[in-house]
Amino acid sequence: MRHRPIALAGALAAAFALAAPAAAFTPGAPGAGDPYYPFAGNGGYDVSHYDLDLTFDRTPNTLVGDAEIEARATQDLSRFNLDLRPFMVVSRVEVDGSRATFTREGEHELVITPRKGIRRGKKFEVEVQYAGTPEPVVDPDHSIEGWVPTHDGAFVVNEPQGSPGWYPVNDSPKDKATFDFEVDVPAGIEVIANGVLEGRKTKRGRTTWEWEERDPMAPYLATATNGEFETRFGRTLGGLLEYNAVDPTTRRSLDPASTPEPALAWERIESAQPNALRLFSELYGPYPFDAIGAIVDYAPNVFYSLESQGKANYWRVPPESTIVHEVAHQWFGNAVTLEQWPDIWLNEGFATWSEWIYDERTAGVTAQSVFEELYNGWEAGSYLDVPPGDVGGPENLFAGTVYDRGAMTLQALRVKIGDAAFFRTLRTWYARYRYGNATTADFVEVAEGASGQQLDQFFQIWIYTPGKPAQGSW
Ligand code: TRP
Ligand code: ZN
């Protein structure tokens, strides 16, 4: 009577013992769970390195890619996703040298099933071969990004979701990695990617450009802008590698019939960039990357510039304030990167306040006077009513309040805790989180530590509460 249930229990236990290891291998999540872009990025692994071999021709517009991705599993993985838009057609995927099966799902999921599961903690390498006609990715705010064709090449910018338009990627700002680029284009075309130029070889009418980014980089900061450029490569007075490139047809005006002004672009880049580099190195801490530069293209349909890591992309001749802004992003945005897109004020508020302090230090226009002008002109119904930490959705990611009220928050903090504690806050923020990611809560903690003050109420009012903060309330 007794041995039957025992025998049954024993059989069940044996069955589970056999089934458990296989059942524990599960698919990685299809998204990293960002509140604004839930399917951007993926679960189950961390990328450490991308090796991107690209061949590009503007006419006809074709991009051929071979991407090798080094990653480590963070769970026992039965399958996993990369992000790649469907207009990039995949011909072959290998995992650790063995052919893997794959399917395409959703807006940008490349679902890869390796021959065998990958154990948690194990390093693995994925190779993806693909080709297609790159199309710009359209954002919820109707702006375009990704591999954006220009008259002579492509303007390559990805914030927040353009990367899967040109390379297979774990497209989360949290998964930073190093990058190698090898881009093959017709001779006479320049390719400017992140990091240090490692080689440039011309053979039979084609040039291969090799660039290497050795510091961790969020995927949205990758670039490989190309076309006809005048280049000036060298070193700054401080000895940092400097790569500047200006499209000889770049203009201030959107009208393609207007006069090109490359000389104006050079003049502005060569004055504002070193000045901003010097000031911010002194204020925030040493410049974070191996190289600095500017890529001034002419992409009149893009309407924004981007702080791509180590080399900002400018869509037309920029005003000096934009150059200062993009240089500041190298500290705030690129070295210290948000974890989630709703924290975008940590990028834009800081870069905008950096423009203010630049003007304060170089032209004597105080940051406080800019704050007061905005505060005094702030009437009911203003764009500033929207709290910069809660803009409501991805369609408002780059709303004006993120820039202006974000910067006002820093200036109000500066007045509240005093210059010494405030600059200590910014330096500690950079020193503690550079090459990594952080949140608004992390910033509050740093500011509280540097000032010895309780600041929850202050940030609640400035970052999260709709409407104009009442004088004396913070
Ligand atoms: N981060 C850019 C800046 O320097 C702005 C930006 C990136 C943007 N992508 C965008 C603006 C899309 C509007 C739409 O401020
Ligand atoms: Zn910015």
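Residues numbered from 1 in each chain as written. Chains lettered and ligands numbered in written order. Predicted model: local features only at pLDDT ≥ 70, side-chain atom pairs only at ≥ 80, totals over all residues. Heavy atoms only, no water.

Visitor: What is the right way to read the coordination of the zinc ion (ligand 2) from this model?
Guide: Under ideal tetrahedral coordination, the four donors around a metal are separated by 109.5 degrees; under ideal octahedral coordination, the six donors are separated by 90 or 180 degrees. Around the zinc ion (ligand 2), the protein contributes the donor atoms His325 (NE2), His329 (NE2) and Glu348 (OE), at 1.9 to 2.0 Å from the metal centre. Read N to C, the donor residues that coordinate the zinc ion (ligand 2) are spaced as H-x3-H-x18-E. Of the two residues, His325 sits in helix H3 (residues 320–329) while Glu348 sits in helix H4 (residues 345–363), which places them 23 residues apart along the sequence. Both residues of the pair, His325 and Glu348, belong to the buried class. (Donors = N, O, S within 2.8 Å, 3.2 Å for Na, K, Ca; no water. Helix = DSSP H or I, 4+ residues; strand = E, 2+ residues; numbered from the N terminus. Buried < 20%, exposed > 50% of the residue type's maximum accessible area, 1.4 Å probe, protein only.)

Visitor: Which parts of the structure should I look at to understand the packing of aromatic side chains?
Guide: One pair of aromatic rings is described through two measures. These are the centre distance and the angle between the planes. All told, the structure shown has 40 aromatic pairs when counted by the stated rule. Where Phe179 meets Phe181, the ring centres are 5.7 Å apart and the plane angle is 15°; that geometry is what we call stacked. Here Phe179 and Phe181 have matching classes, each one buried. Relative to Trp474, the ring of Trp462 lies with its centre 5.1 Å away and its plane at 75°, an arrangement referred to as edge-to-face. On the criterion of sequence distance, the pair formed by Trp462 in helix H8 (residues 456–464) and Trp474 in the segment after H8 is long-range, its members being 12 residues apart. We note that Trp462, like Trp474, is buried. (Phe/Tyr/Trp six-rings, centres within 6.5 Å; stacked < 30°, edge-to-face > 60°.)

Visitor: Could you clarify how one ought to interpret the site of ligand 1 in this entry?
Guide: Glu159, Glu307, Glu326, Glu348 and Tyr403 are the nearest of the 13 residues found near ligand 1. The separation between a nitrogen atom of ligand 1 and a polar side-chain atom of Glu348 is 2.8 Å. The fraction of the free accessible surface of ligand 1 (370 Å²) that becomes covered by protein chains is 89%. In terms of residue count, the dominant contributor to the shell around ligand 1 is H3 (three residues). Looking at the shell around ligand 1, its residues break down into four nonpolar, four polar and five charged. (Near = heavy atom within 4 Å. Polar contact = N/O pair within 3.5 Å; in protein donor to acceptor, adjacent residues only side chain to side chain. Areas by Shrake-Rupley, 256 points an atom, 1.4 Å probe, with all protein chains shown as cover. Nonpolar A, V, L, I, M, F, W, Y, C, P; charged D, E, K, R; others polar.)

Visitor: Quick question: what am I supposed to make of the nonpolar core here?
Guide: It is characteristic of soluble globular proteins that their nonpolar side chains tend to be buried jointly. Among the nonpolar cores identified, the biggest contains 136 residues, and Trp166, Phe280 and Trp353 are the most heavily contacted of them. With 14 residues, helix H6 (residues 400–433) is the largest single contributor of residues to this core. Not counting chain neighbours up to four residues away, the residues in contact with Trp166 comprise Leu52, Leu54, Leu63, Tyr130, Gly146, Trp147, Val156, Asn158, Phe181, Ala222, Thr223 and Ala224. Ranked by size, the runner-up nonpolar core spans nine residues in total, among them Val157, Ala299, Val302 and Tyr304. (Core = buried A, V, L, I, M, F, W, Y, C linked by side-chain atoms within 4.5 Å. Contact = heavy atoms within 4.5 Å.)

Visitor: Help me understand the pairing of strand S11 (residues 154–157) in this model?
Guide: Each regular strand carries side chains that alternate between the two faces of the sheet. With burial as the criterion, each face of S11 is covered, one bearing Ala154 and Val156 and the other bearing Phe155 and Val157. Inspection of the sheet shows strand S10 (residues 144–149) paired to S11 by four bridges, in the antiparallel sense. Paired with Pro149 across the bridge in S11 is Ala154. The turn joining S10 and S11, which pair antiparallel and follow one another in sequence, is formed by four residues. (Pairing = 2+ DSSP bridges.)

Visitor: What exactly am I supposed to notice about the pattern of salt bridges here?
Guide: Enumeration according to the criterion identifies 14 salt bridges in this entry. Between Arg206 and Asp184 there is a salt bridge, with the nearest N and O atoms lying 2.8 Å from each other. Linking Arg206 in strand S15 (residues 206–217) with Asp184 in strand S12 (residues 177–186), this pair joins segments that are 22 residues apart in sequence. For Arg206, a relative accessible area of 22% corresponds to the partly exposed category. Note on Asp184: relative accessible area 18%, which makes it buried. Linking Arg414 and Asp419 is a salt bridge whose minimum nitrogen-to-oxygen distance equals 2.8 Å. One salt-bridge network, held together by shared partners, links Glu198, Glu212, Arg214 and Asp290. (Salt bridge = Lys/Arg side-chain N within 4 Å of Asp/Glu carboxyl O.)

Visitor: So what exactly am I meant to see when it comes to the sheet that holds strand S19 (residues 291–296) here?
Guide: Strand pairing in a sheet is mediated by backbone hydrogen bonds. Such pairs are either parallel or antiparallel. In space, the four strands of this open sheet follow the order S17-S18-S19-S20, with mixed pairing throughout. The strands lining the two open edges of the sheet, one partner per strand, are strand S17 (230–235) and strand S20 (311–314). Pairwise comparison of adjacent strand axes, ignoring direction, gives a mean angle of 10° for this sheet. Here six bridges tie S17 to strand S18 (residues 241–246), and the two strands are oriented antiparallel to one another. Among the inter-strand pairings, Phe233 is bridged to a residue of S18, identified as Tyr243. The sheet strands contacting helix H2 (residues 262–284) are S17, S18, S19 and S20, and the helix crosses S18 at an angle near 155°. (Axes fitted to C-alpha atoms, helices over the stretch in contact; angles between N-to-C directions.)

None of this, on its own, says anything about what the molecule does.
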